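Descriptive analysis of the structure
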Amino acid sequence: HRRFDYRPKTDPYCRARYTFCPTGSAIPVMKEEDVIEVYRLQAPVWEFKYGDLLGHLKIMHDAVGFKSSLTGKNYTMEWYELFQLGNCTFPHLRPGMDAPFWCNQGAACFYEGIDDAHWKENGTLVLVTTISGTMFNKMAKWVKYDNETGIYYETWTVQASPDKQSTVWFDSYECSKFILRTYQKLADLGAVFKKIQTNYTSIILFSGEPIYLGNETSIFGPLGNRTLAAAIRDFYYPFKPHQTVGEFFVDLLKIIDRVVLNHQFYLFYNLEYWFLPMKFPYLKIVYEEVPLPIGSKTSFGV
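Position numbers for residues count from 1 along each chain, tracking the sequence in the order it is written. Per-residue local features of the predicted model are confined to residues with pLDDT of at least 70, and side-chain atom pairs are confined, for both listing and counting, to 80 or more; whole-chain, interface and lining totals are unaffected and use all residues. Side-chain descriptors were evaluated using all non-hydrogen atoms of the structure, hydrogens and water having been removed beforehand.

Below, the discussion takes up the sheet that holds strand S2 (residues 60-68). Taken in spatial order, the 5 strands line up as S4-S3-S2-S1-S5 in an open sheet, and their pairing is antiparallel. Lying at the two open borders of the sheet, with one neighbouring strand each, are strand S4 (106-112) and strand S5 (124-132). Averaged over all adjacent pairs, the angle separating strand axes in this sheet is 25 degrees, with direction ignored. Here helix H4 (residues 133-149) sits on the sheet in contact with strand S1 (35-44), S2, strand S3 (74-81), S4 and S5, set at roughly 110 degrees to S5. The contact criterion used is simple: two residues touch if any of their non-hydrogen atoms lie within 4.5 Å. Throughout, an axis means a line fitted to C-alpha atoms (over the contacting stretch in the case of helices), and angles, computed between N-to-C directions, take values from 0 to 180 degrees. Runs of H or I in DSSP of at least four residues are treated as helices and runs of E of at least two as strands, each being numbered from the N terminus. Set on the sheet, helix H5 (residues 175-188) makes contact with S1, S2, S3, S4 and S5; between it and S2 the angle comes to about 35 degrees. Note: two strands are recorded as paired if DSSP finds a minimum of 2 bridges between them.

With omega at 5 degrees, the peptide bond leading from Phe280 into Pro281 counts as cis. Within the secondary structure, Pro281 sits in strand S11 (residues 272-289). The phi angle at Leu271 is positive, at roughly 65 degrees, despite the residue not being glycine. The topology assignment puts Leu271 in the loop between strand S10 (264-269) and S11. Only protein chains enter the area calculation, which uses a 1.4 Å probe; residues under 20% of their type maximum are buried, those over 50% are exposed, and those in between are partly exposed. Taking relative accessible area as the criterion, Leu271 reaches 32% and is therefore assigned partly exposed. Positive phi values are uncommon outside glycine, yet Tyr282 reaches one of about 70 degrees. With respect to the element layout, Tyr282 can be found in strand S11.

On the surface, Val245, Phe248, Phe249, Leu252, Leu253, Ile256 and Leu261 cluster together to form a nonpolar patch covering roughly 680 Å² of accessible area. By secondary structure assignment, the location of Leu252 is in helix H8 (residues 245-261). Like-charged residues within 9 Å of one another, or nonpolar side chains (Val, Leu, Ile, Met, Phe, Trp, Tyr) within 5 Å, are grouped into patches, provided each residue has over 30% relative accessible area and no salt bridge. Areas reported here follow the Shrake-Rupley algorithm with a probe of radius 1.4 Å; residue values treat only the protein chains shown as occluding. A pairing counts as a salt bridge when a side-chain nitrogen of Lys or Arg comes within 4 Å of a carboxyl oxygen of Asp or Glu.

Turning to its location among the elements, Ser172 is positioned in the loop between strand S7 (168-170) and H5. Any pair of N or O atoms that falls within 3.5 Å is considered a polar contact. Within protein, one atom must be able to donate a hydrogen and the other to accept it, and sequence-neighbouring residues count only if both atoms are side-chain atoms. Within the structure, the side chain of Ser172 is placed 3.0 Å from the side chain of Lys177, a separation counted as a polar contact. Ser172 has contacts with Glu154, Thr155, Trp156, Thr157 and Lys177, leaving out every residue within four places of it along the chain.

The structure is reproduced here in structure tokens:
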């Protein structure tokens, strides 16, 4: 997943149904002698609206919590879409614009407090390590770097087969990956993690070797490939937000026809388009263990 030099301004066209990071605050500077507890937080996606519904499918959202022993204050840190999951996964086809329009930025959110009920009721709130104030402050500087350079959300992991050793063509870049990077940074700063099992959700597409198609300019620009441009727009059309149940089922049949029967998927990754020759089982949601990290002597990220 590519890093960028800076975060671009978001277009006013991109709008969120739920405000991004509504109570967000700056990360505080902790006193060096502080002892800070670090908590693993996990709950079903959209738990605040649907309860445990997506938890049954193991579609989980991840975050990390901190508790200062000097002040007694709790904090939550997470990373998620600025404009909700649908906008990060599929583009808008705007009238008068040839290229699909993406609202796919993601970012870190830090705020005071840990909503115990939210994380405990259908998910996880468990202590994973303890760090010093000095380590916390170093982590905070890394978070700023990570947030300014890793700016686009990516829903899909794409790999060659369900086999655990299979080739990963593209890796996702979402909430759990941020938490894994944060844990690794803490481990590299000297944190020692408890030996507990930690699982994370991945949404995987299965594909043969991807075919590079080009970027927005080379495909949709004045000298672009009109046939390819039309095929990409046509592919994304059924994924639009739906007004009626009838429209949804008609478009669902189109999606099944393209992806399953014709083995086609167009992926937008690092601002470039790729064609995926889809393979059985096409899509799978997995909830797999990724162990808590062991520190290394080399710094992670920066």
